[in-house]
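Summary of structural features
Single-letter residue listing:
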Amino acid sequence: MSSQRISRYFLFLIKLSIYIFCTSFIFSTIVSAKIISVKLADKFLYSLIVFGDFLRGIEIVELFNIVAFAVIGMVFGLATIFLPKYLGRYVSTILLIILVPIIFITTQIVRYDLWVEQVAINDNLSLNQAELQANSFLKQRVRNDGIYGLYLYTAQFPILPDKKVQMNNLDRLEKTVNSKFVRLTGVPPGVISWSMSLCFWVIRIFYFIITVVTTVVHFREGLRIVKC
């Protein structure tokens, strides 16, 4: 192998290493920022009287996605400069297709963990026992457990019961929360349940569309800047 080919090979490895570092760093940074934002929202926003339930229902923290995925798209676009022209575009596209959904569901992962921790604290259980109790509740309500079960349940009802007594008396909890929405919106109680579910699903679809569009637009802008 000639010295010129060896030099090109090592140069490619250096650029590949820089690409991996940049994309890995921004991915881990955005995920960490999302985790922090969800925890802060759960502690300070969702605990507000009346409005906290409403903000939790519309998942206001997901507005952070506009900034997060703009940064992700731009960095992955700019990072293609470290790879051969067409290879960089395809590699970044594939990685974004894989990583964007992972980042998007981070909210539900963190929310599930926070919920299980709160159940453990309130009912004086171990984390494993609290998770079994939480999953049993989700199974009864939406026939699925874990993060997916949580996602389905919170699309119907924004509040998660964090005590066994609340889980056993969910109808009373739902009436309490619905009455808050009635006072806030003036909508009759009979309309609240189905309209909440429809509204929450529409909001989730909207957030996901915004996520995809924001990522694509800024990814293309990054490609344009480096002319890849």
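As a starting point, this report considers the structure included with it. (Residues numbered from 1 in each chain as written. Predicted model: local features only at pLDDT ≥ 70, side-chain atom pairs only at ≥ 80, totals over all residues. Heavy atoms only, no water.)

Another aspect to go through is the overall build of the chain. Secondary structure summary: the chain contains 10 helices and 0 strands in total. Counting over 228 residues, the chain shows a buried share of 40%. Sequence separation of 24 or more characterises 69% of the internal contacts of the chain that already satisfy a separation of 6 or more. Working note: accessible area of the chain is about 13100 Å², and carbon and sulfur atoms make up 67% of it. (Helix = DSSP H or I, 4+ residues; strand = E, 2+ residues; numbered from the N terminus. Buried < 20%, exposed > 50% of the residue type's maximum accessible area, 1.4 Å probe, protein only. Contact = heavy atoms within 4.5 Å. Areas by Shrake-Rupley, 256 points an atom, 1.4 Å probe, with all protein chains shown as cover.)

It is at 8 Å that the axes of helix α5 (residues 106-122) and helix α6 (residues 127-142) come closest, and there the two elements cross at 110 degrees. Viewed along their axes, α5 and α6 adopt a mutual orientation that is roughly perpendicular. Both α5 and α6 take part in a crossing whose hand is right-handed. Between α5, through Tyr112, Trp115, Val116, Glu117, Val119 and Ala120, and α6, the contact on the second element is made entirely by Leu127, Ala130, Glu131, Gln133, Ala134, Asn135, Phe137 and Leu138. (Axes fitted to C-alpha atoms, helices over the stretch in contact; angles between N-to-C directions. Parallel < 35°, antiparallel > 145°, perpendicular 65-115°, else oblique. Left-handed = near helix turned anticlockwise from the far one by under 90°.)

The next subject is a negative patch on the surface. Residues Asp113, Glu117, Glu131 and Asp145 make up a contiguous surface patch of negative charge. As for its position among the elements, Asp145 is in the loop between α6 and α7 (146-156). In this structure Asp145 comes out as partly exposed when scored by relative accessible area, which is 35%. (Patch = residues over 30% accessible without salt bridge, like charges linked within 9 Å, V, L, I, M, F, W, Y side chains within 5 Å. Salt bridge = Lys/Arg side-chain N within 4 Å of Asp/Glu carboxyl O. Lys, Arg positive; Asp, Glu negative; His and termini not counted. Charge placed at Lys NZ, Arg CZ, Asp CG, Glu CD.)

So, about the nonpolar core. If you look at soluble globular proteins, the nonpolar side chains tend to sit buried side by side. Core analysis: the biggest nonpolar cluster contains 27 residues, and Ile30, Phe69, Ile72, Phe76, Leu96 and Ile103 have the highest contact counts within it. When residues of this core are assigned to their parent elements, the largest contribution, 6 residues, is made by helix α1 (residues 3-45). The contacts of Ile72, once residues within four sequence positions are left out, are Ile26, Phe27, Ile30, Leu96 and Ile103. Formed by 20 residues, the second largest nonpolar core is a distinct cluster that contains Val116, Ala120, Ala130 and Phe137. (Core = buried A, V, L, I, M, F, W, Y, C linked by side-chain atoms within 4.5 Å.)

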